[in-house]
Amino acid sequence: MDRKHITSGSPFEAQIGYSRAVAVDGWVFVSGTTGYDYATMEMPADVAQQAANALATIGKALAEAGGSLDDVVQVKYILPDGNDFEACWPVLSKAFATARPAATMIEARLMNPEMKIEIEAVARVSR
């Protein structure tokens, strides 16, 4: 069984003790990812921009595992305010136009009040 731990460079990974993603036998499990720009540790105020940043981070993790957003089979969206979800739809539908994964939206409090969305994904990389 091949197992690869993937990091995004987020300080939370070391502080809390998790990987951005774990790739095992063609499956890639991506941890809940918020909208930080991990290069600058800045969080945009706009929920759609946070979603775009989260998807970029997820995309990088999947690329490191040999895949892409097109390989996602399941995605979970967690928002503290479910009313913000619709503003994200254009970003999400563009990112997952090919994959069209099984999806769930959950309304729940996130770690920091500035966080407006967290995205978790599972992908199957067959290449």
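Structure shown above.
Remember, it's a predicted structure, so these values are computed and weren't measured experimentally.

### What to know about the packing of aromatic side chains
One pass over the structure, following the stated rule, counts 4 aromatic pairs. On the basis of an interplanar angle of 25 degrees and a centroid distance of 6.4 Å, the ring pair of Trp27 and Phe29 is categorised as stacked. Ring geometry for Tyr77 against Phe85: centres 5.3 Å apart, planes inclined by 45 degrees, an arrangement best described as tilted. For Phe85, a relative accessible area of 16% corresponds to the buried category.

### Digging into the nonpolar core
Judged by nonpolar contacts, the single largest core of 28 residues is most densely connected at Tyr77, Phe96 and Ile119. When residues of this core are traced back to their parent elements, those giving at least two are β2 (21-24), β3 (27-34), α2 (47-64), β4 (72-79), α3 (85-95) and β6 (118-124). At 7 residues, the largest contribution of residues to this core is made by α2. Excluding anything up to four places from it in sequence, Ile119 contacts Ser31, Gly32, Thr33, Ala51, Ala54, Leu55, Ile58, Val75, Lys76, Tyr77 and Leu92. The next biggest cluster of nonpolar side chains, apart from the first, holds 7 residues, and it includes Tyr38, Met43, Ile78 and Met115.

### Looking at the packing of α2 against α3
Viewed as axis vectors pointing N to C, α2 and α3 meet at an angle of 25 degrees, and their least axial separation amounts to 8 Å. By the angle between their axes, α2 is roughly parallel relative to α3. Handedness of the α2/α3 crossing: right-handed. Mapping the contact onto sequence places Val47, Ala48, Ala51, Ala52 and Leu55 in α2 and Ala87, Cys88, Val91, Leu92 and Ala95 in α3.

Reading guide: rules and limits
Residues numbered from 1 in each chain as written. Predicted model: local features only at pLDDT ≥ 70, side-chain atom pairs only at ≥ 80, totals over all residues. Heavy atoms only, no water. Phe/Tyr/Trp six-rings, centres within 6.5 Å; stacked < 30°, edge-to-face > 60°. Buried < 20%, exposed > 50% of the residue type's maximum accessible area, 1.4 Å probe, protein only. Core = buried A, V, L, I, M, F, W, Y, C linked by side-chain atoms within 4.5 Å. Helix = DSSP H or I, 4+ residues; strand = E, 2+ residues; numbered from the N terminus. Contact = heavy atoms within 4.5 Å. Axes fitted to C-alpha atoms, helices over the stretch in contact; angles between N-to-C directions. Parallel < 35°, antiparallel > 145°, perpendicular 65-115°, else oblique. Left-handed = near helix turned anticlockwise from the far one by under 90°.

In short, shape yes, function no, at least from these values alone.
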